[in-house]
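Next come the chains, spelled out residue by residue.
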Amino acid sequence: MQEKSEEKVLSKVQKEEDLEKLSTGQMAALCSNLARGCEKQYKEEETALFTKLASYFSAISPEVKDATVEKISEELQEDLKAYPSLRATADAAEDRGAARVCVWGEKATRMLSSLLNRYQEEGEKMFENQEIWVCSICGFVYLGNEPPNICPVCKVPAFKFMKIEGGKI
Ligand SMILES: [Fe+2]
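Residues numbered from 1 in each chain as written. Predicted model: local features only at pLDDT ≥ 70, side-chain atom pairs only at ≥ 80, totals over all residues. Heavy atoms only, no water.

### Description of the coordination of the iron ion
Then, in step 1: At this site the iron ion is bound by Cys 135 (SG), Cys 138 (SG), Cys 151 (SG) and Cys 154 (SG), with donor distances of 2.3 Å.
Then, in step 2: Seen from the iron ion, its four donor atoms lie at angles of 103 to 115°, and the figure they make is tetrahedral.
Then, in step 3: Positions of the donor residues of the iron ion along the chain correspond to the pattern C-x2-C-x12-C-x2-C. One end of the pair, Cys 135, is in strand 1 (residues 131-135); the other, Cys 151, is in the loop between strand 2 (141-144) and strand 3 (161-163), and 16 residues separate them in sequence. The burial state of Cys 135 is the same as that of Cys 151; both residues are buried. (Donors = N, O, S within 2.8 Å, 3.2 Å for Na, K, Ca; no water. Tetrahedral: all angles 85-135°; square planar, octahedral: opposite > 155°, others 65-115°. Helix = DSSP H or I, 4+ residues; strand = E, 2+ residues; numbered from the N terminus. Buried < 20%, exposed > 50% of the residue type's maximum accessible area, 1.4 Å probe, protein only.)

Next up, the structure:
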C-alpha cells in the first residue's frame, strides 16, 4: 500500500513542469519545517540533520533588502493560492501526513496574514502588553501574555510554543 502511494507521488513530482528550483531561503524554511516534522515524530537523528541543513541554507541566504510588511503580505497571499493544489496532490496520493501539513500550513498562514493586516492598521501598538508566541510545530502565531494551552491548529501543548524575543525566536 505504501509502495503504491509512493509511486503515485513520484509520478507527480517527476514531471519536469512541476519542478521548481528553490532559493536558499526557501530551502532553509523547507529544511526547518522538515526538522519540526521529524521532531514531532521523535526522530532525533533526522531532526538534527534537517536542523543542520536549515542552518546552512539560512547562513548562505542573502539579506532581503526590500522586505516590507506589504511585500510579506503579498507573499502570504501567494502562498495561500497554492494550498488547494497542494491539498489535491496530497489527497490524490492518499498521503494523510501531507494533507494534514497542508491544513496546518493554510491555517497558520491565514492567521499570520490576519495579524499582518492588523499590524498595518495598528502598528507597534498591537504588541503593547503582550508577547508573540510561535508554535514550533506548525508555525501558528499567537499574541498574548502566555501561550495557548493547546495549539488551535496542530494541537500540541503550550511548551511547544516559542516566545519571540526582540524580533528573534
Ligand atoms: Fe501548532
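### Quick word on unusual backbone geometry
Then, in step 1: Positive phi outside glycine occurs at Tyr 42, with the angle close to 60°.
Then, in step 2: In this structure Tyr 42 comes out as exposed when scored by relative accessible area, which is 74%.
Then, in step 3: Positive phi, normally seen in glycine, also occurs at Lys 155, with a value near 70°.
Then, in step 4: With respect to the helices, strands and loops of the structure, Lys 155 is situated in the loop between strand 2 and strand 3.

### A closer look at the nonpolar core
Then, in step 1: Counting eleven residues, the largest nonpolar core consists of Trp 104, Trp 133, Cys 135, Ile 137, Cys 138, Phe 140, Cys 151, Val 153, Cys 154, Val 156 and Phe 161.
Then, in step 2: Residue contacts for Ile 137: discarding those within four places in its chain leaves Arg 36, Lys 40, Trp 104, Cys 154, Val 156 and Lys 160.
Then, in step 3: Counting residues in hydrophobic clusters, the runner-up holds six residues, among them Leu 115, Val 134, Val 141 and Ile 164. (Core = buried A, V, L, I, M, F, W, Y, C linked by side-chain atoms within 4.5 Å. Contact = heavy atoms within 4.5 Å.)

### Some words on the side chain of Thr 47
Then, in step 1: Mapped onto the elements of the fold, Thr 47 is located in helix 3 (residues 44-60).
Then, in step 2: A relative accessible area of 16% places Thr 47 in the buried class.
Then, in step 3: Only 3.1 Å separates the side chain of Thr 47 from the backbone nitrogen of Glu 39, close enough to count as a polar contact.
Then, in step 4: Sequence-distant contacts of Thr 47, defined by excluding residues within four places in its chain, comprise Ala 35, Cys 38 and Glu 39. (Polar contact = N/O pair within 3.5 Å; in protein donor to acceptor, adjacent residues only side chain to side chain.)

### Quick word on the pattern of salt bridges
Then, in step 1: The full count for this structure, using the stated rule, is seven salt bridges.
Then, in step 2: The partner of Arg 36 in a salt bridge is Glu 39, with the nearest N and O atoms 3.8 Å apart. Of the two residues, Arg 36 and Glu 39 both sit in helix 2 (residues 24-40), three residues apart, roughly one turn of that helix.
Then, in step 3: Notably, a salt bridge pairs Arg 110 with Glu 106, separated by 2.8 Å at the nearest N-O pair. In this pair, Arg 110 and Glu 106 are both assigned in helix 5 (residues 96-122), four residues apart and thus about one turn of the helix distant.
Then, in step 4: Here Glu 106 falls in the buried class, since its relative accessible area comes to 13%.
Then, in step 5: Residues joined in a network through salt bridges with shared partners are Arg 36, Glu 39 and Lys 160. (Salt bridge = Lys/Arg side-chain N within 4 Å of Asp/Glu carboxyl O.)

### Let's talk about helix 3
Then, in step 1: With 17 residues, helix 3 should reach 24 Å at 1.5 Å per residue; the first-to-last C-alpha distance of 25 Å fits that figure.
Then, in step 2: Looking only at helix 3, the buried set comprises Thr 47, Ala 54 and Phe 57. Projected onto a plane normal to the axis of helix 3, the buried residues spread over an arc of 100° and lie on a single side. When the buried face of helix 3 is taken as reference, the exposed residues oriented beyond 90 degrees from it are Glu 44, Glu 45, Lys 52 and Ala 59.
Then, in step 3: Where helix 3 is buried, its residues touch helix 2. (Expected span 1.5 Å × (residues − 1). Arc of directions from axis to C-beta.)

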